[in-house]
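Okay, here's what each chain looks like letter by letter:
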Amino acid sequence: MIRGLVRSVVVGLTVPLMACGSARDARDDAPSSAAVAAETTSSAVLRFADAPFALELVRQSADVVRGVVAGDSTTRLLIQPNTRDDAVSRLCGVIATGTREPVSLAWGWPVDSNAPRLAQRMILDGDVQGVRFVVPGTAARYVFEGITRNGAQRVSMQWPVIADPARPIPVGAPDSLVEAALQPSVFALDSVLMALRFDTPPDTAWPVAPVERALADARAVTDVRVFPVHPARLTMACHDVTLALPILARADHTVKIAVDAGDVITADAGVATGTVRISFDEAPPAPDPTAREGVTHAALEATTTGEVTLRVRLQVLPRYQLSRQIVLVRLQRTRPRS
């Protein structure tokens, strides 16, 4: 069982791998129970206190790093370039919204995207952000998929986990019970991801203009809420996401988007039948469109730090149209060139 927590290890993808710092806090004279990061010219080793193994980070190529346990060739951690394809876009949708709806993600390994998912949580601290959960069964495993904060690399992790046979996990058990029953500790595995540091220069340049692209189902993630309020946290790594919102006709849904002053949020929406209207609550009043007219594009520049509200309404007029439909909403966060 992993009981120690990892402090930090730097993963260099432009220079040889190196470990930064040590296993001890400079303010603590006692030996730390955190992992020990050992520096070599081609790999870094994370050694866990009170555990019989270590995770070795090995460069597979110029831009791919694998994490393996000594004596086992199975890849447990995989770092590779971010391809920014449809699957990564869906991953960004999960990161941005925290949705718990089943989503086919950009796995580093082939997995069943329809498998049950327990103890799903977001990891947003450190240089890596993403979603982790536990896949139950005879081959139960901890799974994480995420991307680096600057969006340059994908980070994938899979680790076998077991539960004490004397304390079986009942069906429908809360996440806290699942997490407490598993070995190694899922929180210790979380700490491995939160400890990774990337010494590649961060890309601090936000896009200066939205990208013109048709709405695509392949990039959308379903976001179902008890109340029709959808949070969206657009970051530098995930500044372009597409949501699929199940909406009842003539019922407003709102998307709450965190912003900094000067951000420009651009929204585009579409629906298979009927019309959809979108608008920002913070925008100046505009003339009401006619009954059958849709408004599928809106943009707003934030004047203060906080959040802006995008209002989405499905207009269903002819009786033969479905009253409940999926509305696609694409959000982009950019910053004008200064």
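Keep in mind it's a predicted model, so treat the numbers as computed, not measured. (Residues numbered from 1 in each chain as written. Predicted model: local features only at pLDDT ≥ 70, side-chain atom pairs only at ≥ 80, totals over all residues. Heavy atoms only, no water.)

*Asks:* Describe the pairing of strand S6 (residues 75–81), with residues and values.
*Replies:* Of all 7 residues in S6, 6 are buried; the element is thus mostly enclosed. Where strand S5 (residues 64–69) meets S6, 4 bridges bridge the pair, whose relative direction is antiparallel. Bridging across to S6, Gly67 finds its partner in Leu77. Hairpin connection from S5 to S6: 5 residues lie between these consecutive antiparallel strands, with Gly71 at a positive phi of about 85°. Relative to strand S10 (residues 153–160), S6 runs antiparallel, the two sharing 5 bridges. Its bridge partner lying in S10, Leu78 is registered against Ser156. (Buried < 20%, exposed > 50% of the residue type's maximum accessible area, 1.4 Å probe, protein only. Helix = DSSP H or I, 4+ residues; strand = E, 2+ residues; numbered from the N terminus. Pairing = 2+ DSSP bridges.)

*Asks:* Give a detailed account of the pattern of salt bridges, specifying residues and quantitative values.
*Replies:* Side chains bearing opposite charge may pair, as long as their charged atoms lie close to each other. Tallying each qualifying case throughout the model produces 16 salt bridges. Among the ionic pairs, Asp72 bridges to Arg76, the shortest N-O distance being 3.2 Å. For Asp72, a relative accessible area of 28% puts it in the partly exposed group. Judged by its relative accessible area of 11%, Arg76 is buried. Close ionic contact of Asp86 with Arg219 constitutes a salt bridge, the shortest N to O distance being 3.1 Å. Of this pair, Asp86 sits in helix H1 (residues 86–97) while Arg219 sits in the loop between strand S13 (196–198) and strand S14 (220–222), placing them 133 residues apart in sequence. Residue class for Asp86 comes out partly exposed when judged on its relative accessible area of 31%. Through salt bridges that share partners, Arg121, Arg132, Glu179 and Asp190 make up one connected network. (Salt bridge = Lys/Arg side-chain N within 4 Å of Asp/Glu carboxyl O.)

*Asks:* Give a detailed account of the nonpolar core, specifying residues and quantitative values.
*Replies:* Residues Ile257, Phe280, Leu310, Val312, Val327 and Leu331 are the most contacted members of the largest nonpolar core, which totals 42 residues. Of all the elements, H1 adds the most residues to this core, at 5 residues. Contacts of Val327, omitting those with residues within four sequence positions, involve Leu243, Ala244, Leu245, Ile247, Ala269, Gly270, Val271, Val276, Val312 and Leu314. (Core = buried A, V, L, I, M, F, W, Y, C linked by side-chain atoms within 4.5 Å. Contact = heavy atoms within 4.5 Å.)

*Asks:* Outline the state of the cysteines, supporting the account with residue identities and numerical values.
*Replies:* One pass over the full model with this rule turns up 1 disulfide. Bridging Cys92 to Cys238, the disulfide has an S-S length of 2.2 Å. Note on the Cys92 and Cys238 pair: the S-S dihedral is about -70°, so by sign convention the disulfide is left-handed. One end of the pair, Cys92, is in helix H1; the other, Cys238, is in the loop between strand S15 (229–232) and strand S16 (240–248), with 146 residues separating them in the sequence. (Disulfide = S-S within 2.5 Å.)

*Asks:* Describe a nonpolar patch on the surface, and please don't skip the residues or the numbers.
*Replies:* A contiguous nonpolar surface patch, about 350 Å² in accessible area, is contributed by Val226, Phe227 and Val229. Here Val226 lies in the loop between S14 and S15. With a relative accessible area of 79%, Val226 lands in the exposed category. (Patch = residues over 30% accessible without salt bridge, like charges linked within 9 Å, V, L, I, M, F, W, Y side chains within 5 Å. Areas by Shrake-Rupley, 256 points an atom, 1.4 Å probe, with all protein chains shown as cover.)

*Asks:* Account for the environment of Leu322, with residues named and values stated.
*Replies:* Relative to the assigned elements, Leu322 resides in the loop between strand S21 (306–315) and strand S22 (324–334). Taking the C-alpha atoms as reference, Leu322 lies 8.6 Å from Gly274; in sequence the two are 48 residues apart.

*Asks:* Go over the sheet that holds S21, please, and point to the residues and values.
*Replies:* The strand order S15-S17-S21-S19 describes an open sheet built from 4 strands, whose pairing is mixed. Here the strands that pair on one side only, and so sit at the sheet edges, are S15 and strand S19 (275–280). Averaged over all pairs of adjacent strands, the angle between their axes in this sheet comes to 20°, without regard to strand direction. With 4 bridges connecting them, S15 and strand S17 (residues 253–259) associate as parallel partners. (Axes fitted to C-alpha atoms, helices over the stretch in contact; angles between N-to-C directions.)

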